[in-house]
Amino acid sequence: QVQLVESGGGSVQAGGSLRLSCAASGYTYSFSRMCMAWFRQAPGKEREGVALISTSGGVTKYSDSVKGRFTISRDNAKNTLYLQMNSLRPGDTAKYYCAASTSDVDHCYMKGLGVAEYNYWGQGTQVTVSS
């Protein structure tokens, strides 16, 4: 079992920044052997992938909507995943979730940003961007 707890959400004006964190615990697998990703879901919309990161952190992938503005990173020594969000827009308003995959972890990039590829989820943290 894997427990994921997000933090760092809040309200910010357009153009501002936030840094989300996701602490992992309670797992049989090593955090460094999990593919990790961030997703978000706005009211009335489907959950969409934002960014993923490989086990070592050496490979990342972003959705087109956040590329160049968001940065995903991880600290395997601290069992923590991060999402640095800059130049925030009202369209970024959503609940943000971190997710973990414990299968095929040597090919995180191939998983893409599909919801079905991840088998553990946090409860989410709300991000609200005002204009």
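Anything mentioned here points back to the structure above.
Keep in mind it's a predicted model, so treat the numbers as computed, not measured.

Q: What am I meant to see in the sheet that holds strand β7 (residues 70-75) here?
A: Sheet strands line up and pair through hydrogen bonds in the backbone, either parallel or antiparallel. Spatially, β1-β3-β8-β7 is the arrangement adopted by the 4 strands of the open sheet, whose pairing is antiparallel. Strands with a single pairing partner mark the edges of an open sheet, and in this sheet they are β1 (3-7) and β7. Here the average twist between neighbouring strands, direction ignored, is 15°. Where β7 meets strand β8 (residues 80-85), 6 bridges bridge the pair, whose relative direction is antiparallel.

Q: Is there a simple way to explain the packing of aromatic side chains in this structure?
A: With the rule as written, the count across this model stands at 2 aromatic pairs. Their ring planes at 70° and their centres at 5.4 Å tell us that F39 and Y118 sit as a pair that is edge-to-face. Separated by 79 residues along the polypeptide, F39 in strand β4 (residues 35-41) and Y118 in the loop between α1 (108-111) and β10 (120-121) bring together distant segments of the chain. The exposure class of F39 is buried, given its relative accessible area of 0%. Here the aromatic residues F39, Y118 and W121 are joined through ring pairs into a cluster of three or more. Directly above the aromatic system of Y82 lies the positively charged group of R19, at a separation of 4.0 Å from the ring centroid. The ring of Y97 has R47 sitting right over it, with the charged end atom 3.8 Å from the ring centre.

Q: Explanation requested: the nonpolar core in the structure shown.
A: Counting residues in each nonpolar core, the largest one holds 30 residues, and the members touching the most others are L4, W38, L81, L83, M85 and Y96. Counting only elements with at least two residues in this core, the list comes to β3 (18-25), β4, β5 (48-53), β7, β8, β9 (94-101) and β11 (125-130). Residues F39, L52, A99 and Y118 belong to the second largest nonpolar core, which totals 5 residues.

Q: Would you mind going over the pattern of salt bridges with me for this structure?
A: It is possible for side chains bearing opposite charge to pair when their charged atoms get close. By the definition in use, this model includes 5 salt bridges. Among the ionic pairs, R40 bridges to E48, the shortest N-O distance being 2.7 Å. Of the residues examined, E48 reaches a relative accessible area of 34% and is grouped as partly exposed. Look at the salt bridges and you will find they share partners, linking R40, E48, R69 and D92 into a network.

Thresholds, definitions, all that
Residues numbered from 1 in each chain as written. Predicted model: local features only at pLDDT ≥ 70, side-chain atom pairs only at ≥ 80, totals over all residues. Heavy atoms only, no water. Pairing = 2+ DSSP bridges. Helix = DSSP H or I, 4+ residues; strand = E, 2+ residues; numbered from the N terminus. Axes fitted to C-alpha atoms, helices over the stretch in contact; angles between N-to-C directions. Phe/Tyr/Trp six-rings, centres within 6.5 Å; stacked < 30°, edge-to-face > 60°. Buried < 20%, exposed > 50% of the residue type's maximum accessible area, 1.4 Å probe, protein only. Lys NZ or Arg CZ within 6 Å of the ring centre and 35° of its normal. Core = buried A, V, L, I, M, F, W, Y, C linked by side-chain atoms within 4.5 Å. Salt bridge = Lys/Arg side-chain N within 4 Å of Asp/Glu carboxyl O.

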